[in-house]
Amino acid sequence: MAEAATPGPGGRPWTLYRGYAVLLLPPGLFLAVFFLWPLIRVVLRSLLEPHPGLANYGRVFGEAAFARALSNTIETAGVVTVLCLVIAYPLAYAIARADGRRLKLFMIFVLVPLWTSAVIRSFGWMIVFQRQGVLNDLLLALGITHSRLTLLPGSLAVHVGMVHIMLPFMILPLIAGMRGIDLNLMRAADVLGAPPRRRFLEIFLPLSLPGVSAGVALVFMTSLGFFITPALLGGARHTMAAVLIEEEANVQLDWPLASALATTLLIVTTVLYLVYLRLMRRSLPLIGR
Amino acid sequence: MLDPKPLESLADRRPEKRAVSGAALRLAALAKDYGGVTALAPTDLEVRPGEFFSLIGPSGSGKSTLLGMVAGFVPPSAGRILIDGADVVALPPYRRNIGMVFQNYALFPHMSVAENIAFPLRMRKMPRSRIEARVKEMLETVRLAGFAERSPAQLSGGQQQRVALARAAAYDPALLLMDEPLGALDKNLREEMQYEIKRFHSKIGATILYVTHDQDEAATMSDRIAILNGGRIVQVGRPRELYEAPNSPFVASFLGEANLFEVAAVSNAPPMRLRVVTREGLTLAAHQHARIEAGVMICVRPEAIQIGSSGGAAANSVEGRVIDVVYTAGMLRYRIEVMGGRAVIVRRPLQRQVPIFEVGSPVYLSWDLADTILVPNTP
Ligand SMILES: Nc1ncnc2c1ncn2[C@@H]1O[C@H](COP(=O)(O)OP(=O)(O)OP(=O)(O)O)[C@@H](O)[C@H]1O
Ligand SMILES: [Mg+2]
């Protein structure tokens, strides 16, 4: 018996996770074939076609329309992220404190919009924002405006439509983060003499930042690549990168240029994310895990 | 298990100098219901200024509920909480000026040790220079100078505990609540911290309301103890009183070990003695008791019983046979089978000259008249 327990020469110590790496194989293969390889081809095409060189990138950074679309993309993603955060934080705060049936009900309210596709919801916003739309009717009826406004296409419509779609992706990580905050810490702060406002600002808010950080990253990164909503609600002046890429690829049939645009967006996104990670690691040294 | 030793409570050593005078705490018919479930039945309690007062009781007996109501984060269903005569029920916790140490310490993970201790001082708008001085002083009091800039996650359990203590006492609250502050520590550290807290208590002088389910700990540290069971205080008294005169079999067996015997018959036996026959048929002698009209039980403490190979001249002498014997730190713990198949527990200090009785050997158990304790047979 005792002999069986002694490890043989060169035997690796047993760990709980031994062998689990095999589970990574199917998704790994899948991603390599259907994601990594096409991505590499996109990058290669941007550099090699129609002639090897950086000509495609010259156009991306040289033509004002492309540069404007890129900065517009970052700006829109930023505005949408901030709006989502401002709306989601109090909501998540209220939901995180509920429990039992109320929590389930709230969670359903958060998740239900995800059941409808972004296309349909963006069409819905077209009906709201168009010249003969619901919003203009309402503004006129209330006497707030005296003539119909042209809201479509426009950045307001894009922002509203995108916030609508991204909101759950901000709320969910916020709730997860907030529910992880030990209630005893709030009680302790209370007993130690902190009135509600101080308790929130000095204990709850800082401890909720990891959740905020996750939500902000998720919403911002996803927004950078948004297509349907800006395509339907934003006009030529409010083009975002993904719309432009689609146009170059499917309308102009200039695949090398589309590839260069896509690669640029990928690099911008990655750089922004790395900068963000650094900032977060610096500002959350004690909580960040 | 309660050794006789802790009965000389640390509380008996009077303090040198005290920083604040403790508050008087009075609970009047204080009660808590959780949707029909009674967590605390209407309870009256008086804790004296500067007292170290412990609440003990089994899990779910309402200790934390009582403490939570005093702290203010559990709203009472009924009753009043008076601190130095003023009813605080309507005040939120942050306006009660009470100190509290939580079982899991509840240190703020995003603040350093110094910031944790400074937190209540900042809330009280103390000037910065005074906060710094005070934090330094508190860190020295709990022997953690040099740890100021660490984060709580970088401290051991005992060190976190001391930070929690320093934080709770930094603003000189006149009443300090502690909910199983040592529950998460191992035995050695727990004993060290018991002394630390007592030392702390005599230094700061606040009234301490202390919750534990460790009766040894309560007996070691407390001036007085309240024993809770099923949401009710069943007995209040000094540790020694509770140990020597429990008012119910529950208290007798909760505080220390107890051999409890049901009584079949009681009669007077001169001079001034009681002759008690137990359900098993043992005949025991006790002091004449003032009130025995209610049903009583007999409690004999395992430490009070002598064990020998022949019956002596003691007031009580019972024949038996050793079932088993266990060695614990400095102690021998026998189980002895007596008349009626009943097992009696005996604890003797382990000394070189004391003979050890082997399993199966016939022995005589004996104890003094005063050690046959009559316990009212209330549930
Ligand atoms: N929030 C709550 N909702 C419903 N019932 C509760 C709640 N808190 C406590 N109780 C109940 O009240 C009773 C007393 O609980 P309490 O926490 O005061 O016990 P305790 O003496 O502190 O126990 P322990 O030693 O396990 O900490 C228990 O029956 C418990 O189930
Ligand atoms: Mg408790």
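Residues numbered from 1 in each chain as written. Chains lettered and ligands numbered in written order. Predicted model: local features only at pLDDT ≥ 70, side-chain atom pairs only at ≥ 80, totals over all residues. Heavy atoms only, no water.

Re the overall build of chain B
Now for step 1: Helices and strands together make up the secondary structure of chain B, namely eight helices and 20 strands.
Now for step 2: Seen through its principal axes, chain B has C-alpha atoms that stretch 75 × 50 × 40 Å.
Now for step 3: Burial statistics for chain B: of 379 residues in total, 54% are counted as buried.
Now for step 4: For chain B, the proportion of contacts with a sequence separation of at least 24, taken over those separated by at least 6, is 68%.
Now for step 5: Of the accessible surface of chain B, which amounts to about 17,000 Å², a share of 50% is contributed by carbon and sulfur atoms.
Now for step 6: When the 44 basic and 39 acidic side-chain charges of chain B are each reduced to a single mean position, those positions are 5 Å apart. (Helix = DSSP H or I, 4+ residues; strand = E, 2+ residues; numbered from the N terminus. Buried < 20%, exposed > 50% of the residue type's maximum accessible area, 1.4 Å probe, protein only. Contact = heavy atoms within 4.5 Å. Areas by Shrake-Rupley, 256 points an atom, 1.4 Å probe, with all protein chains shown as cover. Lys, Arg positive; Asp, Glu negative; His and termini not counted. Charge placed at Lys NZ, Arg CZ, Asp CG, Glu CD.)

Here we look at the interface of chain A and chain B
Now for step 1: Each partner contributes to the interface: chain A provides 21 residues, whereas chain B provides 24 residues.
Now for step 2: A buried area of about 2,000 Å², summed over both sides, lies between chain A and chain B, and 69% of it is on carbon and sulfur atoms.
Now for step 3: At the junction of chain A and chain B, the tally comes to one salt bridge.
Now for step 4: Measuring nitrogen to oxygen at the nearest pair gives 2.6 Å for the salt bridge that ties B:Arg122 to A:Glu202.
Now for step 5: If you look at where chain A meets chain B, you find four residue pairs in polar contact (both at pLDDT 80 or more).
Now for step 6: Those elements that place two or more of their residues in the side of chain A that touches chain B are helix H9 (183-191) and helix H10 (196-224) of chain A.
Now for step 7: Here the side of chain A that touches chain B is built from residues that sort into 13 nonpolar, two polar and six charged. (Buried area = accessible area lost by both parts, 1.4 Å probe. Salt bridge = Lys/Arg side-chain N within 4 Å of Asp/Glu carboxyl O. Polar contact = N/O pair within 3.5 Å; in protein donor to acceptor, adjacent residues only side chain to side chain. Nonpolar A, V, L, I, M, F, W, Y, C, P; charged D, E, K, R; others polar.)

Some words on the pairing of strand E19 (residues 362-367) of chain B
Residues and elements named next belong to chain B.
Now for step 1: Sheet analysis places strand E15 (residues 306-308) next to E19, joined by three bridges and oriented antiparallel. Bridge pairing links Gly308 to Tyr364 in E19.
Now for step 2: With six bridges joining them, strand E16 (residues 316-328) and E19 adopt antiparallel strand pairing. When the bridges of E19 are listed, Glu319 appears paired with Tyr364. (Pairing = 2+ DSSP bridges.)

Things to note about the pairing of strand E10 (residues 232-237) of chain B
In the case of a regular strand, side chains alternate between the two sheet surfaces.
Residue and element names in this part refer to chain B.
Now for step 1: Alignment of strand E9 (residues 224-229) against E10, held across five bridges, turns out to be antiparallel. The partner of Ala226 across the bridge, within E10, is Val236.
Now for step 2: Linking E9 back to E10 in an antiparallel pair, the connection comprises two residues, with Gly230 at a positive phi of about 55°.

Notes on helix H2 (residues 25-48) of chain A
Now for step 1: Spanning 24 residues, H2(A) covers 32 Å between terminal C-alpha atoms, matching the ideal 34 Å at 1.5 Å per step.
Now for step 2: If you look at H2(A), its biggest bend is around 40°, right at A:Ala32. (Expected span 1.5 Å × (residues − 1). Bend = angle between axes of the 7 residues up to and from the residue.)

Digging into helix H3 (residues 55-62) of chain A
Residue and element names in this part refer to chain A.
Now for step 1: What H3 keeps buried is the set Asn56, Tyr57 and Val60. The buried residues of H3 occupy one face: seen down the axis, they fall within an arc of 95°. Projecting away from the buried face of H3 at angles above 90 degrees are the exposed residues Ala55 and Gly62. (Arc of directions from axis to C-beta.)

A look at the packing of aromatic side chains
Now for step 1: What the rule picks out here adds up to eleven aromatic pairs over all chains.
Now for step 2: Here B:Phe52 and B:Tyr210 contribute two aromatic rings whose centre-to-centre distance is 5.3 Å and whose plane-to-plane angle is 45°, an arrangement assigned as tilted. Of the two residues, B:Phe52 is situated in strand E3 (residues 52-56) and B:Tyr210 in strand E8 (residues 207-212); the sequence distance between them amounts to 158 residues. Residues B:Phe52 and B:Tyr210 agree in their burial class; the two are buried.
Now for step 3: Plain terms: the ring middles of B:Phe73 and B:Phe102 are 6.1 Å apart, the flat faces sit at 20° to each other, and that makes the pair stacked. Here the residue B:Phe73 occupies a position in the loop between helix H1 (63-71) and strand E4 (78-83), and B:Phe102 occupies one in the loop between strand E6 (99-101) and helix H2 (113-123), the gap between them amounting to 29 residues. As far as the burial class goes, B:Phe73 and B:Phe102 line up, both buried.
Now for step 4: In textbook terms, an aromatic cluster arises when at least three aromatic residues are bridged by ring pairs, as seen for A:Tyr89, A:Tyr93, A:Phe200 and A:Phe204.
Now for step 5: The ring of B:Tyr34 is capped by B:Lys32, whose NZ or CZ atom sits 5.1 Å from the centre of that ring.
Now for step 6: Here B:Arg342 stacks its cationic end above the ring of B:Phe261, 4.5 Å away from the centre of that ring. (Phe/Tyr/Trp six-rings, centres within 6.5 Å; stacked < 30°, edge-to-face > 60°. Lys NZ or Arg CZ within 6 Å of the ring centre and 35° of its normal.)

Brief notes about the site of ligand 1
Residues and elements named next belong to chain B.
Now for step 1: Residues in close proximity to ligand 1 include Tyr34, Ala39, Pro58, Ser59, Gly60, Ser61, Gly62, Lys63, Ser64, Thr65, Glu180 and His213, which together make up its full environment.
Now for step 2: The separation between an oxygen atom of ligand 1 and a polar main-chain atom of Gly60 is 2.8 Å.
Now for step 3: Between ligand 1 and Thr65, the relevant distance is 2.5 Å, taken from an oxygen atom to a side-chain nitrogen or oxygen of the residue.
Now for step 4: Contact with the protein chains hides 59% of the accessible area of ligand 1, taken as 630 Å² for the molecule alone. (Near = heavy atom within 4 Å.)

A look at the environment of A:Asn72
Residue and element names in this part refer to chain A.
Now for step 1: Within the secondary structure, Asn72 sits in helix H4 (residues 64-97).
Now for step 2: The exposure class assigned to Asn72 is buried, which follows from its relative accessible area of 14%.
Now for step 3: Not counting residues up to four positions away in its chain, the partners in contact with Asn72 are Arg237, His238, Thr239 and Met240.

Thoughts on the packing of H4(A) against H10(A)
Packed helices, taken two at a time, are described by the angle their axes make and the gap between the axes.
Residues and elements named next belong to chain A.
Now for step 1: Two numbers describe how H4 lies on H10: the axes approach to 9 Å, and their chain directions differ by 140°. With respect to each other, H4 and H10 are oriented oblique. The interaxial crossing formed by H4 with H10 has right-handed handedness. Between H4 and H10, the contacting residues are Thr73, Ile74, Ala77, Gly78, Val80, Thr81, Cys84, Leu85, Tyr89 and Tyr93 on the first element and Phe200, Phe204, Leu205, Ser208, Val212, Val216, Val219, Phe220, Ser223 and Leu224 on the second.
Now for step 2: Residue classes in the contact of H4 with H10 are distributed as 15 nonpolar, five polar and no charged. (Axes fitted to C-alpha atoms, helices over the stretch in contact; angles between N-to-C directions. Parallel < 35°, antiparallel > 145°, perpendicular 65-115°, else oblique. Left-handed = near helix turned anticlockwise from the far one by under 90°.)

Regarding the side chain of B:Gln235
Residues and elements named next belong to chain B.
Now for step 1: Secondary-structure assignment places Gln235 in strand E10.
Now for step 2: By relative accessible area, Gln235 is classed as buried at 13%.
Now for step 3: At a separation of 3.1 Å, a polar atom in the side chain of Gln235 contacts the main-chain carbonyl oxygen of Ala245.
Now for step 4: The contacts of Gln235, once residues within four sequence positions are left out, are Ile225, Ala226, Ile227, Leu242, Ala245, Pro246, Asn247 and Val251.

Focus on the sheet that holds strand E12 (residues 273-278) of chain B
All names here are of chain B.
Now for step 1: What the five strands build is an open sheet, ordered E13-E12-E11-E14-E20; its pairing is antiparallel. The open sheet is flanked by strand E13 (283-287) and strand E20 (373-376), the only strands paired with a single partner. Each adjacent strand pair in this sheet contributes to an overall mean axis angle of 45°, direction not counted.
Now for step 2: Note: strand E11 (residues 259-269) against strand E14 (residues 296-300), four bridges, orientation antiparallel. Bridge assignment links Leu260 to a residue of E14, and that residue is Cys299.

Looking at the pattern of salt bridges
Now for step 1: Summed over all chains, the structure comprises 25 salt bridges over all chains.
Now for step 2: With a closest N to O distance of 3.2 Å, A:Asp190 and A:Arg199 form a salt bridge.
Now for step 3: One salt bridge connects B:Glu244 with B:Arg240, and the closest N-O pair in it is separated by 3.1 Å. Here B:Glu244 and its partner B:Arg240 are both found in helix H7 (residues 239-244), four residues apart, which amounts to about one turn of the helix.
Now for step 4: Bridged by salt links that share partners, the residues B:Arg143, B:Arg162, B:Glu196 and B:Arg199 form one connected network.

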